[in-house]
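So the chains spell out like this:
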Amino acid sequence: METAELKKQLKQQIVQFLNLTSVNPDDIKDDEPLFGEGLGLDSIDSIELIVLLSREYGIDIKDPKEGRKILVDINTMAAYIEQHRTK
Amino acid sequence: MGVISAVGNSVAENHKSLVEGLCGIRNEFDLFPTKYAELLPFGQVRISTADLLKKLHVTDPGVTRTSLLALHALNEMLQDAGLSPAALSSSETALAGASTVGGMCLTDELYADANKKTDGSPYTSSYDCASVNMYLQKHYKMNGIINTINTACSSSANSIMYGAMLMKNGFAKRAIVGGVDSLAKYTINGFNALHILSSEKCTPFDEDRKGLNLGEGAAFLLLEKEEDIAGKKVYAELTGFCNANDAYHPSSLSDEGDGPFLSMQGALKQAGLSAGQVSFINAHGTGTENNDEVESKAMLRLFEKVPAFASTKAYTGHTLGAAGAVEAVYSILSLIHQEAYPTLRFKKAIPSTGLVPVGSYKKMPVQHVMSNSFGFGGNCSSLIFSKV
Amino acid sequence: MLYIHQAYCISPQKTFQDVDLQELHEPAEKRLLAIEPLYDGIPPGVLRRMGRAVRMGAGASMPIIKNTAELDGIIIGTGKGGMEDCIKFLNQIVQYEEGLLAPGNFVQSTSNAVAAQVGMMSKNRSYNTTHVHRGHAFENALIDAAMQLNEFPGSNYLLGGVDEISDFDYNIENLDGAYKQESISSKDLYQTDTPGSIAGEGAAMFLVNDQAENAIACINAVNMLHSQDLAQLEKLLQQFISTHIPAGEKIDLFLSGESGDNRTLKFYTACESLLPVNTPVARFKHLSGEYATASSFAVWLACYIMQQQKVPGNMMNGPVEVLAPKTILLYNNYKGLQHSFILIRKN
């Protein structure tokens, strides 16, 4: 899968998984911070995104703190998925 | 008082374990099939549900483990108090209880009933938190105000407060207060999903703490007014209490610990005590990174010199809805016996706070004990018990 | 006991914005589902996580939070809390065989999620509690608020009752015999002679304090009973009336929680027969449906009636018109076991 396509799919998955009903996936910028400002996600979302990575891409992240380093923005997430996906 | 937990089936047994440092958290879970039975330690009460039914002579259908644990502790309390059946059934006797799990300990049955996979188990009216106190009310034919509170881990601390308030405001002459929770696949998986369960026995307030262990238990206490205690055995006085909210996040406390600070401060104010008068704090001390650091910071904010403190969750695990009441009993035991129970397995203080809990059993003068319970939803409650 | 200054209700009828009780909204698939507003006041990032009960509770609280400078506490009654989220998490446990699970549903399923969310949205650090004693959850919350006001005069509390219907909980309650097996119109609820009622849901939130001035209504007394014994109920009603309603005072309206369940009709009939002759009776469960905290809907309704100075026609049992009621006696029972009387007077 091409990176651009992966990022598009990832945005849709994030919106769906986290029930971000007021967010249009295409409006999420690739370098927009997921946590804090930007999308404004919180610690429960970070755990949920780890679950998403496992269910959709077969990636296992054991420690949520490690997860936060990967879950910075769409760019970092996509890069990590490309490197580690098993699905 | 009456109590049942992983460290004993009675007040006396619990006391003995506390004094002797006997931990009730084990890797021997056998209440129901779960993937986590092998993987995680639990503070399981050492009686099977089948044995509880037998011991308590319960033959009604639809009675859950949660209700049975509650009945066990309530029976002990009633015996200890010598409360007559007439007094128990009086409209002036309130029952203020608590549970977060209710009948959801029957996770598999709940799943089946909810998804219409059966014609209805015997438990269709037993799943909610109220089912426990509904059962106790029926069992003992109680006629006063009956209530159940669910504010997560601070539930039974709040039910103790509610019972006291009912008495203070003329809604009850006496109040049976307490709470219960039993281990459930639902809560095991819920807490695990939040990554706050430790795969080892918990180490509250320790630098290397890795999370909490789930436990189960029940405790009930009888509150009576000062004018009614003549000639009766009195263990302690409930002198202060406060409920405040952290208002920060659904499942973790703010860095500054506003909720814990406010509940502790409010309890002191109500008791008319200065911070320096607190002899000992039975801390919430779950063993999670978040709680123990925040609770420590809140203690440092409130107390010029933080008094001796410890977490008995190192003995019992986190008994959730029962925690406030179980730890109220332990706080009162401290007062009666003038002693402090340690935070088992503590080795090294949290670097940012440097606070060291009581590390081994000791006799000490105890005049006022503060007991903290902080839960999801920012619900923070503190109780103060004083020596009589 | 306490004065109600603001009252908001999200329910199966038009009770929230542009209140209109003349038009009766009917059940859909045997459930009276709440008409949910757009929830403009709740930030989308917060709203997206909320289950229905939490949404409705938060939504009905928003106007009060906006209109009130300082709240001294949030006191909620709920029978089941976030049951839908509870079962969603449970389904995850089964589907993924206790594997890696997303915790959002678990966190939102706890009974105290409504009070917690409202507290967080209003950044309110004061007293916050959730009563969950099923058919007495709201009544205990009400008593709690009254006691807090006694302890802290001059304070303001957000008091409310909320419950949701969820597919899953509907299944459980249905298996327990709570609902009618046949589909009926709400208009016919009280004519049926079958067991069960219609599932309902809603959130009713109130700003309460101890200030009489400008209050919509006053709750003067509450009493509760756990019993299936008719005689005990009758005795309680007689005591309630003799204690709280002086001999010369007329009960302008008996607001009855009659639910269409033929197993519990006897309790309502018995109470009505104990009232002074010709006491007007109005019923509300065809509007709200049946749920543990339905009495909170009834209290909202009483406030609405006091403000409008009349009772919507479709509520009256009998060809009576009630104008400007000053004293309303509410009687409700949940599953014929948990009974409550609430006395509401116009300020």
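Note that the coordinates shown come from a computational prediction; the quantities given were computed from them, not determined experimentally. (Residues numbered from 1 in each chain as written. Chains lettered and ligands numbered in written order. Predicted model: local features only at pLDDT ≥ 70, side-chain atom pairs only at ≥ 80, totals over all residues. Heavy atoms only, no water.)

A. Structural detail: the packing of helix α3 (residues 83-95) of chain C against helix α7 (residues 167-175) of chain C. Residues and elements named next belong to chain C. At a minimum axis distance of 7 Å, the contact between α3 and α7 shows a crossing angle of 95 degrees. Judged by the angle between their axes, α3 and α7 are roughly perpendicular. Residues Met 83, Glu 84, Ile 87 and Asn 91 of α3 touch α7, and the partners they reach there are Asp 167, Phe 168, Asp 169 and Ile 172. The class makeup of the residues in the contact of α3 with α7 is 4 nonpolar, 1 polar and 3 charged. (Axes fitted to C-alpha atoms, helices over the stretch in contact; angles between N-to-C directions. Helix = DSSP H or I, 4+ residues; strand = E, 2+ residues; numbered from the N terminus. Parallel < 35°, antiparallel > 145°, perpendicular 65-115°, else oblique. Contact = heavy atoms within 4.5 Å. Nonpolar A, V, L, I, M, F, W, Y, C, P; charged D, E, K, R; others polar.)

B. Layout of the interface of chain A and chain C. Tallying the contact residues gives 16 residues for chain A and 11 residues for chain C. Remark: the boundary between chain A and chain C carries 3 salt bridges. Across the pair Arg 48 of chain C and Asp 45 of chain A runs a salt bridge whose closest N-O atoms are separated by 2.7 Å. Taken together, chain A and chain C are joined by 9 residue pairs in polar contact (both at pLDDT 80 or more). Examining the composition of the side of chain A that touches chain C, we find that 8 residues originate from one element, helix α2 (residues 43-57) of chain A, more than from any other. Per-class residue counts for the side of chain A that touches chain C are 8 nonpolar, 4 polar and 4 charged. (Salt bridge = Lys/Arg side-chain N within 4 Å of Asp/Glu carboxyl O. Polar contact = N/O pair within 3.5 Å; in protein donor to acceptor, adjacent residues only side chain to side chain.)

C. Focus on the packing of aromatic side chains. With the rule as written, the count across this model stands at 19 aromatic pairs over all chains. Taken together, a centroid distance of 5.5 Å and an interplanar angle of 20 degrees make the contact between Phe 191 of chain B and Phe 376 of chain B stacked. Linking Phe 191 of chain B in helix α8 (residues 185-193) with Phe 376 of chain B in the loop between β13 (368-374) and β14 (379-386), this pair joins segments that are 185 residues apart in sequence. There is no split in this pair, since Phe 191 of chain B and Phe 376 of chain B are both buried. A ring pair is formed by Tyr 8 of chain C and Phe 16 of chain C, whose centres lie 6.4 Å apart and whose planes are at 70 degrees; its orientation type is edge-to-face. Its relative accessible area of 19% is what places Phe 16 of chain C among the buried residues. Here the aromatic residues Tyr 186, Phe 191 and Phe 376 of chain B together with Phe 89 and Phe 106 of chain C are joined through ring pairs into a cluster of three or more. The side chain of Arg 55 of chain A reaches across the aromatic face of Tyr 96 of chain C, ending 3.5 Å from its centre. (Phe/Tyr/Trp six-rings, centres within 6.5 Å; stacked < 30°, edge-to-face > 60°. Buried < 20%, exposed > 50% of the residue type's maximum accessible area, 1.4 Å probe, protein only. Lys NZ or Arg CZ within 6 Å of the ring centre and 35° of its normal.)

D. Representation of the environment of Val 101 of chain B. All names here are of chain B. Mapped onto the secondary structure, Val 101 falls in the loop between β3 (93-98) and α5 (107-114). Sequence-wise, Val 101 and Gln 265 are 164 residues apart; in three dimensions their C-alpha atoms are separated by 30 Å. Ignoring anything within four residues of it in the chain, the contact list for Val 101 reads Thr 66, Tyr 127, Asp 181, Ser 182, Ala 184 and Thr 187.

E. Main features of helix α8 (residues 230-244) of chain C. Residues and elements named next belong to chain C. The terminal C-alpha atoms of α8 lie 21 Å apart, and with 15 residues this matches the ideal 21 Å at 1.5 Å per residue to within 8%. Along α8, the positions that sit buried rather than exposed are Leu 233, Leu 236, Leu 237, Phe 240 and Ile 241. Each buried residue of α8 sits inside an arc of 130 degrees when the element is viewed along its axis, so together they form one side. Opposite the packed face of α8, turned more than 90 degrees from it, sit the exposed residues Lys 235, Ser 242 and Thr 243. In this structure, the buried residues of α8 make contact with β6 (217-226), α9 (265-274), β9 (327-334) and β10 (338-346). Between the side-chain oxygen at the start of α8 and the backbone nitrogen of Ala 231 there is a gap of 2.8 Å, and the oxygen is on Asp 229. (Expected span 1.5 Å × (residues − 1). Arc of directions from axis to C-beta.)

F. Up close: the sheet that holds β14 of chain B. Residue and element names in this part refer to chain B. Read across the sheet, 5 strands follow the order β8-β14-β13-β9-β10 without closing on themselves; strand pairing throughout is mixed. The open sheet has two edge strands, β8 (237-245) and β10 (308-310), and neither has a second partner. The sheet shows a mean angle of 20 degrees between the axes of neighbouring strands, taken without regard to direction. Relative to the sheet, helix α9 (residues 258-271) contacts β8, β13 and β14, its axis offset from that of β8 by approximately 150 degrees. (Pairing = 2+ DSSP bridges.)

G. Geometry of the packing of helix α7 (residues 155-168) of chain B against helix α12 (residues 323-337) of chain B. Residue and element names in this part refer to chain B. The contact between α7 and α12 brings their axes to 5 Å, and the two run at 70 degrees. It follows from the interaxial angle that α7 and α12 lie roughly perpendicular. Residues Ser 156, Ala 157 and Ile 160 of α7 form the contact with α12, whose participating residues are Ala 323, Gly 324, Ala 325 and Ala 328. A class-by-class count of the residues in the contact of α7 with α12 yields 5 nonpolar, 2 polar and no charged.

H. How the structure looks around the interface of chain B and chain C. Facing the 64 residues of chain B at the interface are 55 residues of chain C. Between chain B and chain C, roughly 5,100 Å² of surface is buried when both sides are summed, and carbon and sulfur atoms account for 60% of that area. Counting across the interface, chain B meets chain C through 3 salt bridges. With a shortest N-O distance of 2.6 Å, Lys 168 of chain B and Glu 151 of chain C are connected by a salt bridge. Where chain B packs against chain C, one counts 28 residue pairs in polar contact (both at pLDDT 80 or more). Mapped onto the side of chain B that touches chain C, the elements with two or more residues apiece are α5, α6 (130-140), β4 (146-149), α7, α8, β8 and α9 of chain B. (Buried area = accessible area lost by both parts, 1.4 Å probe.)

I. Here's a closer look at the environment of Glu 234 of chain C. All names here are of chain C. Among the secondary structure elements, Glu 234 is positioned in helix α8. Each C-alpha atom, one on Glu 234 and one on Phe 254, is 15 Å from the other, the two residues being 20 residues apart in sequence. Not counting chain neighbours up to four residues away, the residues in contact with Glu 234 comprise Ala 270 and Leu 274.

J. Structural context of the pairing of strand β4 (residues 156-163) of chain C. Residue and element names in this part refer to chain C. Counting buried positions along β4 gives 8 out of 8 residues, so the element sits mostly inside the fold. Burial along β4 is two-sided: the residues Asn 156, Leu 158, Gly 160 and Val 162 and Tyr 157, Leu 159, Gly 161 and Asp 163 are all buried. The sheet contact formed by strand β2 (residues 73-77) and β4 spans 5 bridges and is parallel. Across the sheet, the residue bridging to Gly 77 is Gly 161, located in β4. In this structure, β4 lies alongside strand β5 (residues 202-209), joined through 8 bridges in antiparallel fashion. Bridging across to β5, Asn 156 finds its partner in Asn 209.

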